Amino acid sequence: MKVLIVLTSHDKLGDTGLQTGFWLEEFASPYYQLTDAGVDVTLASPAGGKPPLDPKSHEEDFQTDATRRFDQDIEAQGLLANTLKLSLINADDYDAVFYPGGHGPLWDLANDSHSIKLIENFLAASKPVAAVCHAPGVFIHVCSPNGDPMVKDKRLTGFTNSEEAAVELTDVVPFLVEDALTLLGAKFEKTADWHPKVVTDGLLITGQNPASSDAVAIQLLMQLNCQ
């Protein structure tokens, strides 16, 4: 089995002067769930090379067993430093795609034509698409074959309005994940802030927040019959 992980290349948190990028737990947890199950993982990003890490996600309060393992994993660090350019990726070469969150994807991947087409191609080929936390925001411009928003009438989840308010970035992000997906007709589901929640609707697998990262990856493995 081959799974593509697509990470953001965006590193500026709006006009705050702060850095953003991908959230470490949301990459490390799925990465190890997948590789430990024998899945061949490829990493890609819009710009290629090393994607920006949200520095906050590396603080002690947000460390997990997976992030600490990554900090000691020279091989995984080398792969992350050399992601493929997203424009070179062909969905035909992979069995599924996984999008980690962090705030970065709201600025670049949500509007990236290569990412949008890639997701459409995965779904057209009946291959699973997974995303966690802010990453479901990458679906906002993805269309179904009939031209409707892909998320219309789909059950899904993602980073909630209340979680965004809790981190005081409601007025910084380009859009709120919950609001944007709901406006497009998605059946947005959620649980209490910071508690894990995974929603699966056909080929679409989504997780609410960083705590949902492991469970999203496990659900993806189940769809790939690797569990």
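Here the structure is shown first, and the text comes after it.
Residues numbered from 1 in each chain as written. Predicted model: local features only at pLDDT ≥ 70, side-chain atom pairs only at ≥ 80, totals over all residues. Heavy atoms only, no water.

Novice: What's the story with the side chain of Thr20 in this structure? I'm lost.
Specialist: With respect to the helices and strands, the residue Thr20 is situated in the loop between β1 (2-6) and α1 (24-36). Of note is the side chain of Thr20, whose polar atom sits 3.5 Å from the side chain of Asp54. (Helix = DSSP H or I, 4+ residues; strand = E, 2+ residues; numbered from the N terminus. Polar contact = N/O pair within 3.5 Å; in protein donor to acceptor, adjacent residues only side chain to side chain.)

Novice: Looking at this model, I keep getting lost on the sheet that holds strand β2 (residues 40-45). Mind explaining?
Specialist: Adjacent strands of a sheet pair through backbone hydrogen bonds, lying either parallel or antiparallel. Pairing within the open sheet is mixed, and its 7 strands lie in the order β3-β2-β1-β4-β5-β9-β8. Of all strands in the sheet, those with a lone pairing partner are β3 (84-85) and β8 (198-201), marking the two edges. Sheet analysis places β1 next to strand β4 (residues 96-99), joined by 3 bridges and oriented parallel. Bridging from a neighbouring strand, Leu4 pairs with Val97 of β4. Against the sheet, helix α5 (residues 113-124) touches β1, β4 and β5 (129-132), its axis set at about 140° to β4. Packing of helix α8 (residues 213-223) onto the sheet brings it into contact with β1, β4, β5, β8 and β9 (204-207), and relative to β9 it is tilted by some 165°. (Pairing = 2+ DSSP bridges. Contact = heavy atoms within 4.5 Å. Axes fitted to C-alpha atoms, helices over the stretch in contact; angles between N-to-C directions.)

Novice: Quick question: what am I supposed to make of the packing of aromatic side chains here?
Specialist: Taken as a whole and assessed by the stated rule, the structure comprises 6 aromatic pairs. Ring geometry for Phe27 versus Phe70: centroids 5.7 Å apart, planes at 90°, classification edge-to-face. Here the residue Phe27 occupies a position in helix α1, and Phe70 occupies one in helix α2 (residues 65-71), the gap between them amounting to 43 residues. For Phe70, a relative accessible area of 7% translates into the label buried. Through a chain of ring-to-ring contacts, three or more aromatic side chains come together here, namely Phe22, Phe27, Tyr31, Tyr32 and Phe70. (Phe/Tyr/Trp six-rings, centres within 6.5 Å; stacked < 30°, edge-to-face > 60°. Buried < 20%, exposed > 50% of the residue type's maximum accessible area, 1.4 Å probe, protein only.)

Novice: What's the story with the pattern of salt bridges in this structure? I'm lost.
Specialist: Two side chains with opposite charge may pair up if their charged atoms get near one another. Under the criterion given, the structure shown has 8 salt bridges. With a closest N to O distance of 3.8 Å, Lys56 and Glu59 form a salt bridge. Lys190 is the salt-bridge partner of Glu178, the closest N and O atoms lying 2.8 Å from each other. Of this pair, Glu178 sits in helix α7 (residues 177-183) while Lys190 sits in the loop between β7 (187-188) and β8, and the two are 12 residues apart along the sequence. Given a relative accessible area of 45%, Lys190 falls into the partly exposed group. Among the charged side chains, a salt-bridge network with shared partners connects Arg155, Glu189 and Lys197. (Salt bridge = Lys/Arg side-chain N within 4 Å of Asp/Glu carboxyl O.)

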